Amino acid sequence: AARAESAFRKLLDVNDDYYVLYLQGGATAQFSMVQMNIAREGSVVDYINTGSWATKAILEARRFCRVNVAASAEDQNFTYVPGYEDWYLNEDAAYVHVTGNETIGGVEIHRYPHTNDVPLVADLSSTLLSRPLDGSQFGLLYAGAQKNIGPAGLTIVVVRKSLTGQAR
């Protein structure tokens, strides 16, 4: 387990400022776990809606937080990723959530934006370890392992330690 974590950290370029967690439940369990663990009750969270998986994440987030859909591609049936200049981010958001690859619609984020002091959270289920990635640009990233890493049902979560300790 220690060797696997060490290798994983090297691949993602994340240091000891992050926890690497191996969890059950698949990535969809993180649709609610993210808010419950890093957003305080009543927080506003920003979501970029790029398709089916983002829509599901937004619906789950609404159960726990106030969701600001900061950008959406719904107007063109989720066939593109809204340009960063069109994202209407809330500077007081607990985090900004993106879905790295909407496999159903076939759209993918190739470069992740800087979100200033607001942590960037990403569902990277379809792309994690498929290409080089600077994991340190994220406050939290998660991925179902069955696509690129390991068995179905395993979820990998990488979270900046400073974001932990505030679970509801």
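All of these numbers come straight from a predicted model, not from anything done at the bench.

Reading the values: rules and limits
Residues numbered from 1 in each chain as written. Predicted model: local features only at pLDDT ≥ 70, side-chain atom pairs only at ≥ 80, totals over all residues. Heavy atoms only, no water. Helix = DSSP H or I, 4+ residues; strand = E, 2+ residues; numbered from the N terminus. Buried < 20%, exposed > 50% of the residue type's maximum accessible area, 1.4 Å probe, protein only. Pairing = 2+ DSSP bridges. Core = buried A, V, L, I, M, F, W, Y, C linked by side-chain atoms within 4.5 Å. Contact = heavy atoms within 4.5 Å.

Enquirer: So what about unusual backbone geometry? Which residues, and what values?
Expert: The phi torsion at Phe78 lies on the positive side, around 60°, for a residue other than glycine. Here Phe78 shows up in the loop between strand S3 (66-72) and strand S4 (96-99). Among the residues examined, Phe78 registers a relative accessible area of 16% and is labelled buried. Phi at Asn116 is positive, roughly 55°, even though this residue is not glycine. Structurally, Asn116 is set in the loop between strand S6 (107-108) and strand S7 (120-123). The class of Asn116 is exposed, set by a relative accessible area of 76%.

Enquirer: I'd like a description of the pairing of strand S9 (residues 154-160), backed by residues and values.
Expert: For S9, the tally of buried residues reaches 5 of 7 residues, placing the bulk of the element in the interior. The sheet contact formed by strand S1 (residues 18-24) and S9 spans 7 bridges and is antiparallel. Paired with Tyr22 across the bridge in S9 is Ile156. In this sheet, S9 lies alongside strand S8 (residues 140-144) in antiparallel orientation, the contact comprising 5 bridges. By the bridge assignment, Gly144 is partnered in S9 with Thr155.

Enquirer: Hey, could you go over the nonpolar core for me, with residue numbers and the actual values?
Expert: Membership of the largest hydrophobic core comes to 25 residues, with the highest contact counts inside it found for Leu12, Val98, Tyr112, Leu124, Leu128, Phe138 and Val158. If near-sequence neighbours (up to four positions away) are discounted, Leu128 is found in contact with Phe8, Leu12, Leu133, Leu141, Ala143, Asn148 and Ile149. Within the second largest apolar cluster, 20 residues are counted, among which are Cys65, Tyr142, Val157 and Leu163.

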